[in-house]
Each structure stands twice: as C-alpha cells, then as structure tokens.
Amino acid sequence: MTFRKYLVLAGVAFFAATGDGFIAHGMKQVGNVSLHHLADIFLVVLNPVIALGVLFLLVFFACYMTALSWADLTYVLPATSVSYVVLTLIAKFALHENVSLTRWLGILMISAGVGFVTQGPAFTPPKEKSGDLVAASVSARMEP
Amino acid sequence: MKSLYAWSAIVVIVLTSTAGDVLLSRGMKQVGDVGELTRRIGVLAVLARVLKNPNFLLGVLAMATAFYSLLFGLSWGDLSLVVPASTSLTFITNAVAARIFLHERVDQRRWIAALLVAGGVVLLAA
C-alpha cells in the first residue's frame, strides 16, 4: 500500500459522506417529491446543492472503482466505512445535530473495525493455477 | 404486515447490493490496476475498458436495482429500520460472498472488522 492508495481510500470515504450530506441538505430545500409527479425527481438535479452532491458521488464512484482495481472488497468496504464517522461529525459540527452517546459508541466500533482491517494485507494474491479469469490480469501488480 | 414488506425489501436490498459489490469488484480486478493502466494507456482508454467490462455493467445494474429497492423499502418501512439494517447486513453478506465468489482470504481480522463496522452502523442509527 502506497501513500497514493491511502489517498484514494480516503477519497472514497470523504466523497461518499459529503456527497450524501449535500444531497440530504438539497432534498430538504426541494421538499417532498410526490408520487403523482414522479418526473420531478429528474428536476431535482437543477438544485445547485443537489447537483454538487451528484458530482461528489460521481467522484466517490471513481475512487471506489479505482480502489477495487487493486484491493480486496473485504478490505475496501471496512476501510472506507470511515465515511460514517465523517458523516456523523458533519452532522454534529456543520449541521448542529445532537449526537447521542450510542452514536459515539457506534463511531468507536466503526473506527476499531477500520483499524483492524487496515493493519492486515489489502490484497489476496491469486493462486497459481486456479484457472481464474482474474489471474491473467493481476500478475503485474503484486506488491506488499 | 407492513414490517414483513419492509423486511422483504431489506432482503432484496442486501442481496442486490452484495451482488453489485461482488460484480464490480470482479470487473475491476479484470480491468487491472487503474493507476498503473492510466500511466500506460491513458485515462480514456482505461475508461473505455471499464465501460466494456460485462461484470462492471452487471454490477452497476445490480446497484441500480438495490437503489430502487431502497426507495420502495423506504415507502413501506421506517428510514431508521431499513437503512441501518440493510447497510449493516450488507457488510456481513459481502464478507461471505467475497470469500465464495472472489476467493478472497477473509481471515479472522477481516471478520472482526466486518462485524465491528456492522454493529457500529446499527448503533449510529439507534
């Protein structure tokens, strides 16, 4: 794992949390979308805050796909769950929501999980003759 | 009865988003290290390679299904049940699916991490 790769993982967490935050904030500005005017759901992107949220989620998806190109799914998912912690901190300090003791406990558990998984290897090297489609494409990126 | 609907939506969300994550992961492993490929063949060529990968496309389709199931789930059940239940269960099903379908070595460390995160997500919603 290089510094750049940790940056990509941080990007996954950061853009997921802020993207969701922007969309939540924008949807509150827009108000309820009626089931009878479902087409309105396509118009919500005209709201600048929601548009920004969509842009951030696109960056999130690009970072997520990049991470999956060199790390295991069972590494990337727990490692990037930092986003829940970031989202709670945004709720607390930017949106001034009340964060209860159970939530802080939840943050602690997630952080512990992140700590656990990032101590270990990020990638399972493919077996020599597994006949897996994956084997051919990964030989070039074996690194500690 | 309503909670039965909510829980069946949760099951569908968990299954489709797990399928999506596994397919996306498999697709991106087939594409190869994006950073390295970009230096070799350029961003556009990498993008084309990703968009032409069948596993990637199926993964996106599964994710879209998961998203719409979530919308349905939210209309049947409470936000505070559907979102944390489906997110935290997905961490656990992903660990199982990654081991079976992606042959990842899900050791004790990764199991503990998945369970801690799943539990933490539930507490965040409590």
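Reading the values: the criteria
Throughout, residues of each chain are indexed from 1 in the direction in which the sequence is written. Just so you know, chain letters begin at A and ligand numbers begin at 1, following the order they were written in. In view of the model being predicted, local features appear only for residues whose pLDDT reaches at least 70, and side-chain atom pairs are presented and counted only at 80 or more, with totals across whole chains, interfaces and linings using the full set of residues. Under the scheme used here, helices are H or I runs from DSSP no shorter than 4 residues and strands are E runs no shorter than 2 residues, and both carry numbers assigned from the N terminus. For helices, the fitted axis covers only the stretch in contact; all axes are lines through C-alpha atoms, and the angles between them, taken along N-to-C directions, range from 0 to 180 degrees. Roughly parallel means an angle under 35 degrees; roughly antiparallel, over 145; roughly perpendicular, 65 to 115; everything else is oblique. Whether two residues are in contact depends on their C-beta atoms, placed from the backbone: they are in contact if these lie within 7 Å. Residues were grouped as follows: Ala, Val, Leu, Ile, Met, Phe, Trp, Tyr, Cys and Pro as nonpolar; Asp, Glu, Lys and Arg as charged; and all remaining residues, including Gly, as polar.

1. Notes on unusual backbone geometry
Of all residues except glycine, most have a negative phi; of all peptide bonds, most are trans.
And then number 1: One non-glycine residue, His 103 of chain B, lies in the positive phi region at around 55°.
And then number 2: Tracing the chain through its elements places His 103 of chain B in the loop between α5 (79-101) and α6 (108-125).

2. Considering the packing of helix α2 (residues 34-41) of chain B against helix α3 (residues 43-51) of chain B
All names here are of chain B.
And then number 1: Between α2 and α3, the least distance of the axes is 7 Å, while the angle of their chain directions is 125°. With respect to α3, the element α2 is oriented oblique. Contacts between α2 and α3 involve Val 34, Leu 37, Thr 38 and Ile 41 from the former and Val 43, Ala 45 and Val 46 from the latter.
And then number 2: When grouped by side-chain class, the residues that make up the contact of α2 with α3 number six nonpolar, one polar and no charged.

3. Focus: the interface of chain B and chain A
And then number 1: Residue-level contacts link 36 residues of chain B with 35 residues of chain A.
And then number 2: The element best represented in the side of chain B that touches chain A is α6 of chain B, accounting for 12 residues.
And then number 3: The class makeup of the residues in the side of chain B that touches chain A is 20 nonpolar, eight polar and eight charged.

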